Amino acid sequence: MSAKDAPPPLPEPLLVEVADSHTHLDMQSGTVEEALVKAAAVGVTTVVQVGCDVKGSRWAAETAAAHERVHAAVALHPNEAPRIVLGDPEGLSRQGVREGGGEAALDDALGEIDRLAALPYVRGVGETGLDFFRTGPEGIAAQERSFRAHIEIAKRHGKALVIHDRDAHADVLRVLDEEGAPERTVFHCYSGDAAMAGICAAKGYYMSFAGNVTFKNAQHLRDALAVAPLELVLVETDAPFLTPAPYRGRPNAPYLIPVTLRAMAEVRGIGEEEMAGAVAANTARAFDY
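Position numbers for residues start from 1 in each chain and track the written sequence from start to end. Per-residue local features are limited, in this predicted model, to residues with pLDDT of at least 70; the limit for side-chain atom pairs, both in listing and counting, is 80 or more; totals at the level of whole chains, interfaces and linings are taken over all residues. Hydrogens are left out, water is left out, and the side-chain values use all remaining heavy atoms of the structure.

### Side note on the overall build of the protein
Short version of the rule: A helix here means a DSSP run of H or I that spans at least four residues, while a strand means a run of E at least two residues long, and both kinds are numbered starting from the N terminus. Within these notes, the globule rule equals 2.2 Å times the number of residues to the 0.38 power, and the radius of gyration is based on C-alpha atoms. Each residue is assigned to one of three classes by its accessible area relative to the maximum for its type, calculated with a 1.4 Å probe on protein chains only: buried under 20%, partly exposed between the two thresholds, exposed over 50%. All accessible areas in this document rest on Shrake-Rupley with a 1.4 Å probe, and a residue is counted as covered only by the protein chains that are shown. We count Lys and Arg on the positive side and Asp and Glu on the negative side, and we leave His and both chain ends out. The atom standing in for a charge is NZ when the residue is Lys, CZ when it is Arg, CG when it is Asp and CD when it is Glu.
Along its length, the protein carries 10 helices and 10 strands. For the protein, the C-alpha radius of gyration of 18 Å lies close to 19 Å, the compact-globule estimate for 289 residues. For the protein, the spread of C-alpha atoms along the three principal axes comes to 50 × 45 × 35 Å. Residue burial in the protein is summarised as follows: out of 289 residues, 55% are buried. Here the protein displays about 11900 Å² of accessible surface, and carbon together with sulfur accounts for 54% of that area. For the protein, the separation between the mean place of its 27 positive charges and that of its 41 negative charges on side chains is 2 Å.

Here it is, written out as structure tokens:
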């Protein structure tokens, strides 16, 4: 194993227990049990496992049912919706090459997300939203239709809405305004600037910060974190992606939350225990556990 593939060392444990508000255990190496034990050893005692397609959402629900400290969120990722409708000839997703199934296939998939969203250990509907980074203009209609459907599902079941917003800030905010956002709405891996943080704050949207808040080129994220109301701030790994500095590029996992949380406390100019206490309370409130 090269140094780049090696898992980073365990950070100093947090003294206040916190939750990883967004992780993908199904994409990480090792077992769920191993990941949870390692995380708990450093004070990360709860995780929200997030689905990105029908199969991953079923897995999230099953995993949450089996583990008391795992909560599930279920959805079709914004990039998944166009692949269902139009096909995926290059096999860009984990499901490989697929034929397009048209609108009926999207309806079927949304029906399964709706069924899963009713389960008691499913606490969120997401990650859903818009992603104009990977999806070309031909896929935008499917993305937006899927996003609107997820908003309706979240509201009907009284679950948190977990938003993936990549290069689509204005349109995500527009659709939320048009549909009416659920009572609890979380911008996962918050990617906007301080001005957008002001808009989210005014609407009561939670902003969840990931390891990229530690990256040198991410001053706009630190500026956003500095002005976001503390009671609306969450922390996440989005593991195995977005490993915080100084481990950028190596595999991420929930046990690395303390690295990001300490960087966030520094940005806010508060102690890590105050930061941890706030995000722990906020995550429990956002996901209603």
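### Some thoughts on the sheet that holds strand 6 (residues 122-131)
Put simply, the test is: Between any two strands, pairing holds if DSSP finds at least two bridges. Only the stretch in contact is used when fitting a helix axis, every axis being a line fitted to C-alpha atoms; angles between N-to-C directions are given from 0 to 180 degrees. We call two residues in contact when some of their heavy atoms are within 4.5 Å.
Ordered by their spatial adjacency, eight strands build an open sheet running 1-2-3-6-7-8-9-10, and the pairing between neighbours is parallel. In this open sheet, the two strands that pair with only one neighbour each are strand 1 (18-23) and strand 10 (233-235). Each neighbouring strand pair of the sheet contributes to a mean axis angle of 30°, computed without reference to strand direction. Direction of pairing for strand 2 (residues 44-50) relative to strand 3 (residues 70-74): parallel, over a ladder of four bridges. Each bridged residue has a counterpart across the sheet, and for Val50 the counterpart in strand 3 is Ala73. Running at roughly 150° to strand 7 (residues 160-166), helix 6 (residues 169-179) makes contact with strand 6, strand 7 and strand 8 (185-187) of the sheet.

### Points about the nonpolar core
Rule in force here: Residues belong to a common nonpolar core when they are buried Ala, Val, Leu, Ile, Met, Phe, Trp, Tyr or Cys residues joined through side-chain atoms within 4.5 Å.
One finds Phe147, Leu176, Phe187, Tyr190 and Phe209 to be the most contacted residues of the largest nonpolar core, which totals 85 residues. Residues in contact with Phe187, not counting those within four places in the same chain, are Ile163, Asp165, Val172, Leu173, Leu176, Met196, Cys200, Tyr205, Tyr206, Met207 and Ser208.

### Things to note about the side chain of Lys159
Applied cut-off: Definition used for salt bridges: Asp or Glu carboxyl oxygen within 4 Å of a side-chain nitrogen of Lys or Arg. Residues adjacent in sequence count toward polar contacts only when both atoms are side-chain atoms; beyond that, a polar contact is any pair of N or O atoms within 3.5 Å, and within protein one must be able to donate a hydrogen and the other to accept it.
Along the polypeptide, Lys159 turns up in the loop between helix 5 (140-157) and strand 7. Here Lys159 occupies a buried position and makes no salt bridge, while the nearest side chain of opposite charge, Asp288, is found at 8.1 Å. Engagement of the side chain of Lys159 in a polar contact is seen with the backbone oxygen of Leu119, the distance being 2.9 Å. The contact partners of Lys159, leaving out residues within four places of it in the chain, are Ala117, Ala118, Leu119, Val122, Arg123, Gly124, Val125, Ala154, Pro182 and Arg184.

### What about the packing of helix 8 (residues 219-227) against helix 9 (residues 257-268)?
Condition: The cut-offs work like this: below 35 degrees is roughly parallel, past 145 is roughly antiparallel, 65 to 115 is roughly perpendicular, and the gaps in between are oblique. Handedness of each helix crossing follows the sense of rotation of the near helix against the far helix: counterclockwise by less than a right angle gives left-handed, clockwise gives right-handed.
At a minimum axis separation of 9 Å, helix 8 and helix 9 run at an interaxial angle of 65°. In terms of their interaxial angle, helix 8 and helix 9 are classed as roughly perpendicular. Taken as a pair, helix 8 and helix 9 cross one another with a handedness that is right-handed. Along the contact surface, helix 8 presents Arg222, Leu225 and Ala226, while helix 9 presents Met264, Val267 and Arg268.

### Concerning the environment of Leu10
Of note, Leu10 is situated in the segment before strand 1. Residue Leu10 is classed as partly exposed on the basis of its relative accessible area, which comes to 45%. Sequence-wise, Leu10 and Glu272 are 262 residues apart; in three dimensions their C-alpha atoms are separated by 17 Å. Those residues within four positions of Leu10 in sequence are excluded, and the remaining contacts are Lys38, Ala41, Val42 and Tyr255.

### Here we look at the pairing of strand 1
A regular strand places its side chains on the two faces of the sheet in alternate fashion. Which entries qualify depends on this criterion: Handedness of a crossover is defined as follows: with both strands directed away from the viewer, a clockwise route from the first strand across the helix to the second makes it right-handed.
With six of six residues buried, strand 1 is to be regarded as a mostly interior element. As defined by bridge partners, strand 1 adjoins strand 2 across four bridges and the pair is classed as parallel. In the sheet register, Thr23 faces strand 2, and the bridge partner there is Gln49. The parallel pair strand 1 and strand 2 is bridged by helix 1 (residues 32-41), and the resulting crossover is right-handed.

### Details of the environment of Asp53
As for its placement among the helices and strands, Asp53 is situated in the loop between strand 2 and helix 2 (54-66). Between the C-alpha atom of Asp53 and that of Ala239, which follows or precedes it by 186 residues, the distance is 17 Å. Filtering out sequence-adjacent residues up to four positions away, Asp53 remains in contact with Ala75, Leu76, Glu80 and Gln95.

### Some details on the packing of helix 2 against helix 4 (residues 102-117)
In the contact formed by helix 2 and helix 4, the axes pass within 10 Å of each other and the chain directions differ by 10°. One finds that helix 2 runs roughly parallel with respect to helix 4. Along its contact with helix 2, which presents Val54, Ser57, Arg58 and Ala61, the element helix 4 presents Ala109, Glu112, Ile113 and Leu116.

So far we have only geometry, and geometry alone does not tell us how the molecule works.
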